[in-house]
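Listed below, chain by chain, are the residues.
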Amino acid sequence: MAASDERARHWRYAELPGVDLLRARYIRKTFVRHTHENFVIAAIADGVEVFHHQGSDVFVGAGALALVNPDTPHTGRAGVPEGWRYGAVYPSPEVVARIAAETTTIRGTPGFAAPMVDDPYTVRLVHQVLRAAEEGNALAADTLLSVAVTRLLRLNGGTLPERRPSSAGAGIAARARAVLEERMTEPPSLERLATDLGTSRFALLRAFRDAYGMPPHTWLTDARVRRARLLLDTGTAPAEAAALVGFTDQPHLNRHFARIVGVPPGAYQRERENRGNRENAAGRNNVQDGAGSAAIASGAWHNDRQHSRTGPPRTWESRTAPSYGTPSGSASP
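Bear in mind that the values here come from a model prediction, so they are computed numbers and not experimental data.

### Describing the pairing of strand E6 (residues 64-68)
Here is step 1: Of all 5 residues that make up E6, 5 are buried, and the element is covered over most of its length.
Here is step 2: Of the two faces of E6, both are covered, the one formed by Ala64, Ala66 and Val68 as well as the one formed by Leu65 and Leu67.
Here is step 3: The sheet contact formed by strand E4 (residues 40-53) and E6 spans 4 bridges and is antiparallel. Paired with isoleucine 41 across the bridge in E6 is leucine 67.
Here is step 4: As defined by bridge partners, E6 adjoins strand E10 (residues 116-118) across 3 bridges and the pair is classed as antiparallel. Considered in E10, the bridge of alanine 66 is made with methionine 116.

### Focus on the packing of aromatic side chains
Here is step 1: Counted by the stated rule, this structure contains 8 aromatic pairs.
Here is step 2: Ring centres 5.5 Å apart and planes at 55° place the aromatic pair tyrosine 26 and tryptophan 84 in the tilted group. Placement of tyrosine 26 in strand E2 (residues 19-26) and of tryptophan 84 in strand E8 (residues 84-91) is noted, with a sequence separation of 58 residues between them. Taken individually, tyrosine 26 and tryptophan 84 each receive the classification buried, so the pair is uniform in this respect.
Here is step 3: Through a chain of ring-to-ring contacts, the aromatic side chains of Tyr26, Phe31, Trp84 and Tyr86 assemble into a single cluster.
Here is step 4: One cation-aromatic arrangement involves lysine 29 over phenylalanine 31; the distance from NZ or CZ to the ring centre is 4.8 Å.
Here is step 5: We note arginine 224 situated over the ring of phenylalanine 247; from NZ or CZ to the ring centre the distance is 5.7 Å.

Rules used throughout
Residues numbered from 1 in each chain as written. Predicted model: local features only at pLDDT ≥ 70, side-chain atom pairs only at ≥ 80, totals over all residues. Heavy atoms only, no water. Buried < 20%, exposed > 50% of the residue type's maximum accessible area, 1.4 Å probe, protein only. Helix = DSSP H or I, 4+ residues; strand = E, 2+ residues; numbered from the N terminus. Pairing = 2+ DSSP bridges. Phe/Tyr/Trp six-rings, centres within 6.5 Å; stacked < 30°, edge-to-face > 60°. Lys NZ or Arg CZ within 6 Å of the ring centre and 35° of its normal.

What follows is the structure in structure tokens.
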């Protein structure tokens, strides 16, 4: 299968505030080490995805979900020659906390314990959330999202540990991050940054990696892409956004944006500009009687461990899911 067969759509649905949505098929696509401000709940429809997470590779096949907590460094690539096809929802920490408070006994900051759960039922729920959003079915999308998040938290949830600086190195890393955030368009060299902080280059590298899971230059690229997304969301042209966050030019932004977000910045912005019109049109033609969404089984809210587990997936056979839209524009990094 050629890399030109890659397709991806990254969008938002106004009736699901605080949630990003994605459908994608990737073959040769490689996600560089990056983080998300939101949770990642990626439901694999077919193929296999591999992502490096907290020191080891995690293999996720059809019928399983890749789960990443906010601000957790990870990568992504195909685990088989034919790649992988998946749908993903990215709920904000606030959205997940609200659902957890309403439907679970988790106290503190909720999160996922393991990076993979083998649960075909929740995989179907995630794809149904995406389908309902595409059809403008707000009631179904919101309900199904709540069911899916609740189920995952009951199967694989817990309280995330508080992040507390535990050493002088952590303090140096936090100060270095603040400097990079402030000087994003004109960052200092590693030597200058270390000197200004009163430490050595290698001590700074160790401290920063220990605190944030990646070296300063990788973190800066990730932060630039995050800020570019915010600018694109407000209508800033990609070329202007590139300059405002410190990339050399738009192709420089395009390359890094596609390797982190999964689609080029132009396609990302067009989906946000055009989605509202499509949602309005769908809403006028849609009678919210459950069209396009599946009924929710009575057991969906329960911790049904006999049908789900967090170990290696039982099966990687293909499962039917909706078609995937436009070329990703990022066949290779």
